[in-house]
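Secondary and tertiary structure notes
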Amino acid sequence: MMSRFEMIAVAISALLFCGAAMITIPLDQNLEKDGISLPVSEATGVPADVLLLQQTLGAFRGWAIDALWLRALERRDQGALHESMQLASWITKLQPYFPRVWNFQAWMLAFEMALDSRNPEERWIWVREAVDLLRGPALRANPLSGEIHDQLSYLFWFKIGEFRDEAAIYYQARLCERWRQILGDPRGLDATGYLETLRAAAAAPRDPSGLPAEVLEDPALRQLTETLWAQSAPLAVSNPLFAGLSASRRGSIEALLRRRILEHDMNMSVDLMVRISEELGAVDWRTPAAHAVYWGIQGALRGTDAGLSATLNPDTIDEVLIETNVRIGLQQMVARGRALLDDSGKLITILPQPALLPAYERALLVLSGGEGIPDELVWRVVQIISAAIVNSWLQGEEQLARQLLRRHDELISKSDRGADEDLISTVKELVLLTLDEGEELALLTIQIRARAMVARGGGGTALEAVRGEQLADLLERSLPAPQRHEIARIALATALRSPRSGAPLSVKLKIWETLDEKQKQSLDGTTRSLLSIEARRNGREPEHLFPGITSPSEQNSSRESD
């Protein structure tokens, strides 16, 4: 049994422990009152037992969090990614107002866990989870956090929008699919139609009770609308059950559902999306750059004195344009800011969006205090426009290419270009300028030819395939015939080795079908092995899927072993 003295000591310790726990309650309440954070249970869905532990630990909670944080970093460095993630998850439950841990979790998901798989679909699951984590519980708990907004913007323009990850093309296609389900496709080619869609969503009621009488008075329609509105999945828009409705009824319901999806599931401000489209131009929300810009702008606005009540207006636009993530997002939108879909609605590629060029240049002017585009950035702008000219020409958008070319020539002070100058010659000139000093032309044309083959196989447009080959032929005219043959052989291998995200098995099959026996036999062993592996992954025998893939030497070895 404990002595009387020991019992008194334990009782005092317990009282002190409870007192320390009680101190954290008014602190958390003040954070919520000031709009810095949300109630823990509302923000992160923390279980009751964890909430109890938070209060019980009291002043010792900080020590526990520090210990968990150091352990999470240690386990990450040791390669124990899942354990590190679990520790970080515990920290966000104990202290959801710690932005760095949310960012750590998102980084682990998108840049560590995703790379554990070679399957683009599995990678996308991790990347999407990272985005949803930051966009949802992280920002609901820390709505003013610049760190979280920056990380979210970075995920969109770098992880999804760039091509550093071989599955980036797949990520872009899945993002496009997700936002087509939410917003549909805009009328026309430049995405300006999205502004009308967003304005309707911004004007919609916040719940079904605010719908027009013509909807509410129809019991079946009202019940269906309320059911869809209550669903957690953000895919209720454009439901085929609405197909027989009048345009006004359907429009009212879809606007309501869109508002609910954008504000509840995506944690985005419809009003801010409208203002961004009004200020910048034709924003295509099916592209990653659009979301990079959105989260960069929202983060910059949250960092102003107005905080959560800050809005985008003529007085604040320059403050947000100067933000690094916003400028990078605008730069990416100019180069790749407009989705090009096939007849089935599948993303083919992301094209330039020159309508955003004035906004990007405005951001650069703000950066220099209105003194013109900084000299060190002029060449970068020229490079972006040059790439947009080439891509526009490849897709047959010659009028757009010439529009961009005029701005290109203004920036480099070129005034002697004829209005009727052959555009393909200009494209050749621009492509040659991308060669680094000492870099061989063959390395460039191999990539152009490989991309044309992928496009011809269904990984792009038919015109892109024709024009890609036409451009490669023009560039290779000065090369001897043997070198041109070698370029064609390597380009074929490059196309067939393309990641599944950019050239799925169906594309490679179509490429294979166009080859003659000589071309098949010229393929190296590594390319053959990769195609065989991909065939087996799909449950097919390589020789059945790719007739002639077995080299003569392999066939002889097989016969001898028999």
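None of these values were measured; they are calculated from a predicted model.

1. As for the overall build of the protein chain
Across its full length, the protein chain holds 29 helices and 2 strands. Here the protein chain holds 562 residues, and the buried ones make up 48% of them. Partitioning the intrachain contacts of the protein chain with sequence separation of at least 6 by distance along the chain shows that 64% fall at a separation of at least 24. Surface accessibility of the protein chain: about 27400 Å² in total, with carbon and sulfur atoms responsible for 54%.

2. What to know about a nonpolar patch on the surface
A surface patch of nonpolar side chains, about 310 Å² in accessible area, is lined by W379, I412 and L433. Mapping W379 onto the fold places it in helix α19 (residues 375-394). Given the relative accessible area of 46%, W379 is considered partly exposed.

3. Some remarks on the pairing of strand β1 (residues 338-341)
When β1 meets strand β2 (residues 347-351), the two strands line up antiparallel, connected through 4 bridges. Looking across to β2, one finds that R338 is bridged to L351.

4. Some points on the environment of L404
Locating L404 in the fold gives a position in helix α20 (residues 398-411). Placed 50 residues apart in sequence, L404 and P354 show a C-alpha to C-alpha distance of 7.1 Å. When near neighbours in sequence (up to four residues on either side) are disregarded, L404 contacts P354, L357, I385, A388, I389 and S392.

5. Structural notes on a negative patch on the surface
A contiguous patch of negative charge, built from D436, E437, E439 and E440, is present on the exposed surface. Among the structural elements, D436 can be located in the loop between α21 (423-432) and α22 (441-459). Overall, the relative accessible area of 54% leaves D436 in the exposed class.

6. Overview of the pattern of salt bridges
Tallied over the entire structure, the rule returns 39 salt bridges. A salt bridge links D524 to R497; the nearest nitrogen and oxygen atoms lie 2.6 Å apart. Here the residue D524 occupies a position in the loop between α26 (517-522) and α27 (525-537), and R497 occupies one in the loop between α24 (481-496) and α25 (505-513), the gap between them amounting to 27 residues. Of the residues examined, D524 reaches a relative accessible area of 23% and is grouped as partly exposed. With relative accessibility at 39%, the residue R497 sits in the partly exposed group. When salt bridges with common partners are traced through the structure, they connect R199, R275, E278, E279, D318 and R362 into a single cluster.

7. Observations regarding α24
In this model, α24 (16 residues) spans 23 Å end to end at C-alpha, consistent with the 22 Å of a helix rising 1.5 Å per residue. All of the buried residues along α24 are I487, A491, L492, A493, A495 and L496.

8. Description of the confidence of the model for the protein chain
Detailed reading of predicted coordinates is not advised where the pLDDT is low. Here the protein chain averages 82 in pLDDT, and 79% of its residues register 70 or above. With pLDDT under 50 throughout, residues 555-562 is counted as low confidence; its partners more than four residues away or in other chains account for 1 contact.

9. Here's the deal with the nonpolar core
For soluble globular proteins, the rule of thumb is that nonpolar side chains tend to be buried together. In this structure, W179, I276, L280, W285, I297 and L330 are the most contacted members of the largest nonpolar core, which totals 120 residues. Residues contacting I276, with those up to four places away along its chain left out, are G281, V283, W285, Y294, I297 and L312. One finds L211, V215, L216 and L256 within the second-largest nonpolar core, a separate group that totals 8 residues.

10. Describing unusual backbone geometry
One non-glycine residue, N267, lies in positive phi territory at about 55°. Structurally, N267 can be placed in the loop between α13 (247-265) and α14 (270-280). Its identity is not glycine, yet S413 carries a phi of approximately 60°, on the positive side. Assignment of secondary structure puts S413 in the loop between α20 and α21. Note on S413: relative accessible area 67%, which makes it exposed.

So, how was this worked out
Residues numbered from 1 in each chain as written. Predicted model: local features only at pLDDT ≥ 70, side-chain atom pairs only at ≥ 80, totals over all residues. Heavy atoms only, no water. Helix = DSSP H or I, 4+ residues; strand = E, 2+ residues; numbered from the N terminus. Buried < 20%, exposed > 50% of the residue type's maximum accessible area, 1.4 Å probe, protein only. Contact = heavy atoms within 4.5 Å. Areas by Shrake-Rupley, 256 points an atom, 1.4 Å probe, with all protein chains shown as cover. Patch = residues over 30% accessible without salt bridge, like charges linked within 9 Å, V, L, I, M, F, W, Y side chains within 5 Å. Salt bridge = Lys/Arg side-chain N within 4 Å of Asp/Glu carboxyl O. Pairing = 2+ DSSP bridges. Lys, Arg positive; Asp, Glu negative; His and termini not counted. Charge placed at Lys NZ, Arg CZ, Asp CG, Glu CD. Expected span 1.5 Å × (residues − 1). pLDDT = per-residue confidence, 0-100. Core = buried A, V, L, I, M, F, W, Y, C linked by side-chain atoms within 4.5 Å.

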